[in-house]
Amino acid sequence: MTVVQQKICLLGEFAVGKTSLVRRFVEGRFDDRYLSTIGVKISRKALPRPAGELLLLIWDLAGGDEFSLQSSYLRGAAGALIACDLTRASTLAAFDRYTEQLWALNPGAPVVFIGNKVDLVAERAITDAELLAASQRLGGPCVRTSAKTGEQVEAAFALLAEQLEARR
Amino acid sequence: MTAPTNPAGPVDLSARAAAAFSRLYGLAYARVGPDLTIQQASPAFLALVDQPTALIGQPLSAVLWEFVGADEALRPVLAGQSPRYQLERVNRELPDGQIHYLTFWVVPWSETQPGAGLIVIVEDADRFGQLEQSLVQSRNELHLAQAQLLRANQKLEQLATTDDLTGLPNRRYFEQALRRELDRGQRYRHATALLLADVDQYSPFRDLYGNPLGDEVVKLVALLLADRLRGVDRLARLEAGSFALLLPETDLPGAAVVAERLRERVAREAGPALTAQRPGAADGAQFTLSLGVGAAPAQAATPSELWDVADAALTHAKATGRNRWSTTPTAYVISSK
Ligand SMILES: Nc1nc2c(ncn2[C@@H]2O[C@H](COP(=O)(O)OP(=O)(O)O)[C@@H](O)[C@H]2O)c(=O)[nH]1
Ligand SMILES: [Mg+2]
């Protein structure tokens with residue numbers, strides 16, 4: 001059986017839920033507390049895929065810094081999940097910037113866009129249509145997730161895995 | 001002090017420096033060959049990897065996940081084209097159970113021999129990392145608190161313009177809408193109609209059956225009034241059993257048709273609906289509406305004039321027997337019944 005290792009990055013403004021999405025995906029749990037990430041935390045998860053095992057190295061990066069991301073964090077990324085917080089409109093506007101930074105170092109790397117915290121229905125500030133329009137404009141699929149309930153979290157990573165395979 | 005034995009050949013200054021640091025400070029470092037496999041590692045470096053035994057000869061990226069995908073970035077350093085590769089603040093939970101913030105430095109093994117290999121040095125920038133983390137944490141929490149405050153204010157604004165019981169706009173909001181609509185009507189020479197509606201004998205009913213049932217009646221009537229309005233129409237609850245309805249681009253005869261439709265619907269459905277919803281509470285009770293109708297510019301030029309006209313018409317409807325609508329008697333009187 002072949003094992004392929006690939007680096008993917010989680011990008012997005014601070015507190016959109018990047019760390020929580022990884023925690024849900026890798027450890028299957030959720031934590032209400034907010035601990036800002038600085039630098040990068042790398043997690044591993046093996047995905048059994050029809051073509052063999054895909055070992056994802058997931059780079060959970062600090063977001064929303066006034067400094068642009070260090071290029072060594074993004075270099076060598078095969079793809080990325082770029083997330084916004086559906087309850088904070090400003091977090092959607094940052095999609096462009098993260099996509100640009102990723103593609104500057106990894107031209108054409110697949111991206112899956114995520115609207116997270118879909119469970120907070122009453123606080124919703126970004127509509128489905130707005131999320132879809134932004135994703136389509138940047139040329140990637142989008143998924144609405146909740147790291148809290150687990151909704152669509154696996155699906156988002158699986159969608160990226162599919163795109164990585166399609167590109168190899 | 002003796003330099004460590006180096007199976008790969010003569011040791012130059014940077015190698016000797018790394019070895020010396022390693023002994024003095026327990027520095028974590030490894031030597032990597034031109035093929036990017038590990039050739040030698042310090043004891044502190046071994047503590048950072050999953051399987052310290054089978055280390056030698058393994059690709060760097062197989063030993064440290066941090067280097068998966070980094071080959072392309074390392075080659076220029078190996079070739080002497082780039083002075084170093086550096087990866088800062090890598091969060092690692094070490095065996096002490098704490099999160100450590102590590103920096104990986106990769107520099108050429110030999111300053112005189114490009115291509116000889118690389119040294120990977122791992123620095124534990126713990127204290128600075130934790131300090132920076134707490135700074136970033138405070139800043140981010142402040143931003144989040146601001147965002148929450150903004151949302152709370154919007155909610156407050158909404159509460160200030162909404163009637164709690166029915167969820168309809170309240171009087172304050174309605175008066176603003178009326179002003180805006182009359183302005184617009186004047187500009188585009190459109191007629192605008194205002195309906196004021198009271199549930200007949202509402203106060204005696206509430207006194208007799210209590211507030212909870214009185215509230216039920218208001219909610220039922222609100223639903224009946226709101227049903228089948230146009231998107232531009234604005235319905236508000238003013239107080240107790242009183243409602244106001246703004247009909248843009250509607251003249252007096254048009255408004256009278258709406259008034260009659262609402263009167264008829266409430267008279268027919270409100271009583272039975274309450275009985276169905278709360279059996280035994282006030283079985284057989286009937287509810288009717290009195291309505292006053294006014295229109296601008298035919299009867300009034302300003303919002304307060306229009307309000308007065310509709311209010312006078314409402315008083316007239318009540319005085320002449322209730323369960324009816326009326327236009328003001330001072331203009332041309334048309335009324336139901
Ligand atoms: N309700 C809800 N809260 C979430 C969700 N994802 C993250 N959070 C919370 O949002 C805050 C920020 O999450 P975190 O993962 O640290 O964001 P990051 O800065 O993007 O890594 C934390 O308090 C999380 O508990 C979600 O899907 N639903
Ligand atoms: Mg984080």
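As a starting point, this report considers the structure included with it. Values in this document were obtained by computation on a predicted structure and should not be read as measured data. Residue numbers run consecutively from 1 along every chain, following the written order of its sequence. Whichever chain is written first is A, and whichever ligand is written first is 1; the rest continue in order. For this predicted model, a pLDDT threshold of at least 70 governs which residues receive local features, and a threshold of 80 or more governs which side-chain atom pairs are given and counted, while totals over whole chains, interfaces and linings are taken from all residues. With hydrogens and water stripped out, all remaining heavy atoms of the structure feed into the side-chain values.

## As for the packing of helix 8 (residues 211-226) of chain B against helix 9 (residues 252-277) of chain B
Residue and element names in this part refer to chain B. At a minimum axis distance of 9 Å, the contact between helix 8 and helix 9 shows a crossing angle of 135°. Considering their axes alone, helix 8 and helix 9 lie oblique with respect to each other. The element helix 8 and its partner helix 9 pack so that their crossing is right-handed. For the pair formed by helix 8 and helix 9, the contact residues are Leu213, Glu216, Val217, Leu220, Val221, Leu224 and Leu225 on the first element and Leu262, Arg265, Val266, Glu269, Ala270, Ala273, Leu274 and Gln277 on the second. Looking at the contact of helix 8 with helix 9, its residues break down into eleven nonpolar, one polar and three charged. Only the stretch in contact is used when a helix axis is fitted, and all axes are lines through C-alpha atoms; the angle between N-to-C directions ranges over 0 to 180 degrees. Think of it this way: any DSSP run of H or I at least four residues long counts as a helix, any run of E at least two long counts as a strand, and we number them from the N terminus. Angle categories are assigned with fixed cut-offs, so that under 35 degrees is roughly parallel, over 145 is roughly antiparallel, 65 to 115 is roughly perpendicular, and the rest are oblique. Definitions for this section: a left-handed crossing has its near helix turned counterclockwise from the far helix by less than a right angle. A right-handed crossing has that turn clockwise. The contact criterion used throughout is that any non-hydrogen atoms of two residues lie within 4.5 Å. Ten residues, namely Ala, Val, Leu, Ile, Met, Phe, Trp, Tyr, Cys and Pro, are considered nonpolar, four, namely Asp, Glu, Lys and Arg, are considered charged, and the remaining ones, Gly among them, are considered polar.

## Re empty space enclosed by the protein
Residue and element names in this part refer to chain B. Definitions used throughout: a 1 Å grid over protein atoms alone; a cavity as a set of points that fits a 1.4 Å probe which cannot get out; a pocket as an open set with protein on both sides within 12 Å along at least five of seven lines; a lining residue as one with an atom within 4 Å of a point. Grid points are joined across faces, edges and corners, and a volume is the space filled by probe spheres set on the points. Applying the stated criterion to the full structure yields two cavities of 30 Å³ or more. When its volume is computed, the largest cavity comes out at roughly 50 Å³. Along the walls of the largest cavity sit Leu195, Ala197, Leu225, Leu229, Leu235, Leu245, Leu262 and Leu291, which together make up its complete lining. Broken down by class, the residue content of the lining of the largest cavity amounts to eight nonpolar, no polar and no charged.

## Remarks on the interface of chain A and chain B
Much of the literature gives interface size as the accessible area that the parts lose upon coming together. The interface is formed by 28 residues belonging to chain A together with 25 residues belonging to chain B. Carbon and sulfur atoms make up 56% of the surface buried where chain A meets chain B, a total of about 2,400 Å² over both sides. Any Lys or Arg side-chain nitrogen located within 4 Å of an Asp or Glu carboxyl oxygen qualifies as a salt bridge. Counting across the chain A and chain B interface gives one salt bridge. In this structure, A:Glu123 and B:Arg151 form a salt bridge, with 3.4 Å as the shortest nitrogen-oxygen distance. Pairs of N or O atoms within 3.5 Å make up the polar contacts considered here, provided that, within protein, one atom can donate a hydrogen while the other can accept it, and that residues adjacent in sequence are counted only when both atoms are side-chain atoms. In this structure, the connection of chain A to chain B is made through ten residue pairs in polar contact (both at pLDDT 80 or more). Where the side of chain A that touches chain B is concerned, the elements lending two or more residues are strand 1 (3-11), strand 2 (40-49), strand 3 (52-61) and helix 2 (71-74) of chain A. For the side of chain A that touches chain B, a count of residues per class yields ten nonpolar, ten polar and eight charged. Note on definitions: buried area is the accessible-area loss of two parts on being combined, 1.4 Å probe, summed for both.

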